[in-house]
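# Analysis of the macromolecular model
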Amino acid sequence: MAGADGDDSLYPIAVLIDELRNEDVQLRLNSIKKLSTIALALGVERTRTELLPFLTDTIYDEDEVLLALAEQLGNFTMLVGGPEYVHCLLPPLESLATVEETVVRDKAVESLRKISQEHSPVDLEVHFEPLVKRLASGDWFTSRTSACGLFSVCYPRVSSTVKAEIRQHFRTLCSDDTPMVRRAAASKLGEFAKVLELEYVKSDIISLFTALASDEQDSVRLLAVEACVSIATLLPQEDLETLVMPTLRQAAEDKSWRVRYMVADKFSELQKAVGPEITKNDLVPAFQNLLKDCEAEVRAAAANKVKEFCENLPEDNREQIIMTHILPCVKELVSDTNQHVKSALASVIMGLSTILGKDNTIEHLLPLFLAQLKDECPEVRLNIISNLDCVNEVIGIRQLSQSLLPAIVELAEDAKWRVRLAIIEYMPLLAGQLGVEFFDEKLNTLCMAWLIDHVYAIREAATCNLMKLVEKFGAEWAQNTIVPKVLGMANDPNYLHRMTTLFCINALSKACGQEITTKQMLPVVLKMSNDQVANVRFNVAKSLQKIGPILDSNALQTEVKPVLEKLASDTDMDVKYFAQEAISVLALA
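Throughout what follows, the structure given in this document is the object of discussion. Remember, it's a predicted structure, so these values are computed and weren't measured experimentally.

What counts as what
- In this convention, every chain numbers its residues from 1, walking through the sequence in written order.
- Residues qualify for local features only when their pLDDT is at least 70, as the model is predicted, and side-chain atom pairs are given and counted only at 80 or more; totals for whole chains, interfaces and linings, by contrast, use all residues.
- Just so you know, side-chain values use all the structure's heavy atoms and leave hydrogens and water out.
- Summary of the burial criterion: residues with accessible area below 20% of their type's maximum are buried, those above 50% are exposed, and those between are partly exposed, where the area comes from a 1.4 Å probe applied to protein chains only.
- Numbered from the N terminus, helices here are DSSP runs of H or I no shorter than four residues, and strands are runs of E no shorter than two.
- Directions are taken from the helix axis to each C-beta atom, and the arc is the one they span.
- Contacts are assigned to residue pairs with any non-hydrogen atoms lying within 4.5 Å of each other.
- Here, the term nonpolar core denotes a set of buried Ala, Val, Leu, Ile, Met, Phe, Trp, Tyr and Cys residues that are joined through side-chain atoms within 4.5 Å.
- Space inside and on the surface of the protein is sampled on a 1 Å grid over the protein atoms alone, with a cavity defined as a set of points where a 1.4 Å probe fits but cannot get out and a pocket as an open set with protein on both sides within 12 Å along at least 5 of 7 lines; lining residues have an atom within 4 Å of a point.
- Grid points are joined across faces, edges and corners, and a volume is the space filled by probe spheres set on the points.
- Classification used: nonpolar for Ala, Val, Leu, Ile, Met, Phe, Trp, Tyr, Cys and Pro, charged for Asp, Glu, Lys and Arg, polar for all others including Gly.
- Salt bridges are defined as contacts in which a side-chain nitrogen from Lys or Arg sits within 4 Å of a carboxyl oxygen from Asp or Glu.
- Here an angle of 0 to 180 degrees is reported between the N-to-C directions of two axes, which are lines fitted to C-alpha atoms, with helices fitted over the stretch in contact.
- Angular relationships are summarised with four words: roughly parallel below 35 degrees, roughly antiparallel beyond 145, roughly perpendicular across 65 to 115, and oblique for the angles in between.
- Less than a right angle of anticlockwise turn of the near helix away from the far helix marks a crossing as left-handed, whereas a clockwise turn marks it as right-handed.
- To estimate how far a helix should extend, the number of its residues minus one is multiplied by 1.5 Å.
- Side-chain rings of Phe, Tyr and Trp (the six-membered ring for Trp) are treated as a pair once their centres are within 6.5 Å; stacked means planes under 30 degrees apart, edge-to-face means over 60, and tilted covers the remaining angles.
- Two conditions define a charge located above a ring, namely a distance within 6 Å from the ring centre to NZ of Lys or CZ of Arg, and an angle within 35 degrees of the ring normal.
- Patch membership is restricted to residues that have no salt bridge and whose relative accessible area is over 30%. Joining uses 9 Å for like charges and 5 Å for the nonpolar side chains Val, Leu, Ile, Met, Phe, Trp and Tyr.
- Methods summary: accessible areas were calculated by the Shrake-Rupley approach with a probe of 1.4 Å, and residue burial reflects only the protein chains presented.
- His residues and chain termini do not enter the charge count, which takes Lys and Arg as positive and Asp and Glu as negative.
- Charge coordinates come from a single atom per side chain, which is NZ of Lys, CZ of Arg, CG of Asp or CD of Glu.
- Between N or O atoms, a polar contact is any pair within 3.5 Å; within protein, one atom must be a potential hydrogen donor and the other a potential acceptor, and residues adjacent in sequence are included only when both atoms are from side chains.

The complete set of buried residues in helix α15 (residues 245-252) reads Met245, Thr247, Leu248, Ala251 and Ala252. Across the axial projection of α15, the buried residues extend over an arc of 160 degrees, all falling on one side. Buried residues along α15 sit in contact with α12 (198-213), α13 (218-234), α14 (237-243), α16 (257-265), α17 (267-274) and α18 (276-291).

Here it is in structure tokens:
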């Protein structure tokens, strides 16, 4: 810490200078991350007069060091003496906001936005607003892009003359020669519109929005679509038709698929912003076109929004709109050539059943679900199965069960292990919906087969699945159906399968309770302590430690303790270790 003695007080800054000049980037990075400690050591006065000028003048470094510095400075207000001195942080952040690396600039802008809130209105006009102007009229596009993110934070708190200047600067940047600057302005258009007075939204923002939405660069046009949501929420309903809709219609039919994709991606938000009347007249036909788009990415984005779009339609004629306009397009997408489109649709289509009700679901949607359950793409089948609960609420799962079964069996044996894993995770849900008889008859053998899968992750998930099933169907079911099969694996010639028996016992013992664990499971575990494979023996010790708390003290003392003591003097060091650990955890020493 800084002492009274002159040499001592120079120490922190000397160390910092040394470390910042070190060749090792990691050291320089560490010293930047310790800046707040150094500032504390120097005190507020010297932080303002020495540390900040040093940082402003001498830092031309690796991007990650600059990034750390930009982040640190955003939290420096108290270290320079509180809000009245916060403007001292502007020079270093201003230079960071102009560097070439985007990530550093973005972080500097984020810190500037943060500290702008700590400026008083006077300081904002005297110090902060001139900085924004300098950035906005900088020679390099980097400073102009940074300026775009700062207009909205200072606009609400400055005088009307300064407000007019800020609006002018923003207008200029929206028509900048450099696409990167126009892109930055378009990305902040919605945010800036929110802080403007309504008259200026109509007079300034709409013309900028229209210009950006017809920019020659598609990367600018697609950002204007994003701004459209914010602008539409600000305007009164009667102005939307004339001011926003022509541009939105144009975007929905843009020649670039990226712009159409953005419209599809933001569709639900646009729908809420423009209200029911425009949705009915304009957005329904636009949505139909997006669902039939020639680009698969656009169709997939639109397919993803089908359920949300239908939910948000005005209730009085929702069913009629869906049946006549949306459903025909959905039917076509079920047999789309692109698997991503079908997969996106499969993840939401089940949700339509709750909107359309029982009769429509059985007549119109059920054939689509069944078609998707037979799709050649596993993701499509999986997405249908994972959303079965919606349909179960409306029509009950029995209607689907005949087609469901072959689909589940195929997925359960899919060559990709991740697909097998996903279907296992839905098993407890399916079991609950299909009931215990159906499950025992059709799915039980599948669940058992997973226990001997060649991928460990599947065996592990299958073990966990059994535990959830026992919790659902009860201990008696487990005793009759599951436990005998699991215990039978203890004699399997493959040691991995013998170990799976132990993992299952670990998972099931709690759900099955003391009696089944003591009478049926414990003898098998104890017998396996003589296994020839050390991995099995040390897993016996781990299993005994796991099931020990469920057993009564008599079984622990007379049966478990002797076996653990024998394992504790095993020739294999791992077996010894786990046996001793079990003895101490179960307090059997």
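Moving on, there is more to tell.
To continue, consider the nonpolar core. Ile231, Val306 and Ile349 are the most contacted members of the largest nonpolar core, which totals 211 residues. Ranked by residues supplied to this core, first place goes to α13 with 10 residues.

Taken as a whole, this structure holds 2 cavities of 30 Å³ or more when the rule is applied. Around the largest cavity, the lining residues are Met245, Leu248, Arg249, Ala252, Val263, Phe267, Asp282, Leu283 and Ala286. Of all elements in the fold, only α15 and α18 reach the threshold of two or more residues within the lining of the largest cavity. With 4 residues, α15 is the largest single contributor of residues to the lining of the largest cavity. Across the lining of the largest cavity, the residue classes tally to 7 nonpolar, no polar and 2 charged. Space inside the second largest cavity adds up to approximately 30 Å³. As for the second largest cavity, its lining consists of Phe209, Ala213, Arg221, Ala224, Val225, Cys228, Thr247, Leu248 and Ala251. Contributing elements (two or more residues each) for the lining of the second largest cavity: α12, α13 and α15. The element best represented in the lining of the second largest cavity is α13, accounting for 4 residues. Among the residues making up the lining of the second largest cavity, the classes are represented as 7 nonpolar, 1 polar and 1 charged.

Before going further, it helps to examine the pattern of salt bridges. Pairing is possible between side chains that carry opposite charge, provided their charged atoms lie close to one another. A full pass over the atoms with the stated rule returns 8 salt bridges. In this structure, aspartate 218 engages arginine 258 in a salt bridge whose closest nitrogen and oxygen atoms are separated by 3.1 Å. In this pair, aspartate 218 sits in helix α13 while arginine 258 sits in helix α16, placing the two residues 40 residues apart along the sequence. The partner of lysine 519 in a salt bridge is glutamate 515, with the nearest N and O atoms 3.2 Å apart. You can see lysine 519 and its partner glutamate 515 sitting in helix α32 (residues 514-527), 4 residues apart, about one turn around the helix. For the pair formed by lysine 519 and glutamate 515, the shared burial category is exposed.

Two quantities define a packed helix pair, namely the angle between the axes and the distance from one axis to the other. Orientation of helix α31 (residues 495-512) relative to α32, taken along the N-to-C sense of each, is 165 degrees, at an axis distance of 9 Å. By the angle class used here, α31 and α32 are roughly antiparallel. Where α31 crosses over α32, the two elements pack in a sense that is left-handed. In contact with Thr501, Leu502, Ile505, Leu508, Ser509 and Cys512 of α31, α32 contributes Gln514, Ile516, Thr517, Met521, Val524 and Val525.

Let us now look at the layout of surface pockets. The calculated volume of the largest pocket comes to roughly 240 Å³. Breaking the lining of the largest pocket down by element, the ones donating at least two residues are α6 (102-116), α8 (141-148) and α11 (179-195). The biggest single contributor to the lining of the largest pocket is α6, with 6 residues. In terms of residue class, the lining of the largest pocket is built from 3 nonpolar, 5 polar and 6 charged.

Attention now goes to helix α29 (residues 456-473). Relative to the 26 Å expected for 18 residues at 1.5 Å per residue, α29 spans 26 Å between its end C-alpha atoms, a close match to the ideal helical length. When α29 is considered as a whole, its buried residues turn out to be Ile458, Arg459, Ala461, Ala462, Thr463, Asn465, Leu466, Leu469, Val470 and Phe473. Tucked inside the fold, the buried residues of α29 contact α27 (417-434), α28 (436-450), α30 (475-488) and α31. Glycine 474 sits one or two positions beyond α29 and adopts a positive phi of about 95 degrees.

Following the criterion strictly, the structure yields 8 aromatic pairs and no others. Relative to tyrosine 261, the ring of tryptophan 257 lies with its centre 6.4 Å away and its plane at 80 degrees, an arrangement referred to as edge-to-face. With a gap of 4 residues between them, tryptophan 257 and tyrosine 261 both fall in helix α16, about one helical turn apart. Taking 5.5 Å as the distance between ring centres and 65 degrees as the angle between the ring planes, the aromatic pair formed by phenylalanine 267 and phenylalanine 309 counts as edge-to-face. Taken together, the residues phenylalanine 267 in helix α17 and phenylalanine 309 in helix α20 (residues 306-311) connect sequence positions 42 residues apart. Residue phenylalanine 267 is classed as buried on the basis of its relative accessible area of 1%. Directly above the ring of phenylalanine 578 sits lysine 542, whose terminal nitrogen or CZ lies 4.8 Å from the centroid.

This paragraph deals with a negative patch on the surface. Taken together, the side chains of Glu62, Asp63, Glu64 and Glu100 present a region of like negative charge at the surface. Secondary-structure assignment places glutamate 64 in helix α4 (residues 63-73).

With that out of the way, let us pick up the side chain of serine 529. Turning to its location among the elements, serine 529 is positioned in the loop between α32 and α33 (534-547). Accessibility expressed as a relative area gives 3% for serine 529, which makes it buried. Among the polar contacts made by the side chain of serine 529, one reaches the side chain of lysine 566 at a distance of 3.4 Å. Each residue touching serine 529, except ones within four places of it in the same chain, is listed here: Arg537, Val540, Val563, Lys566 and Leu567.

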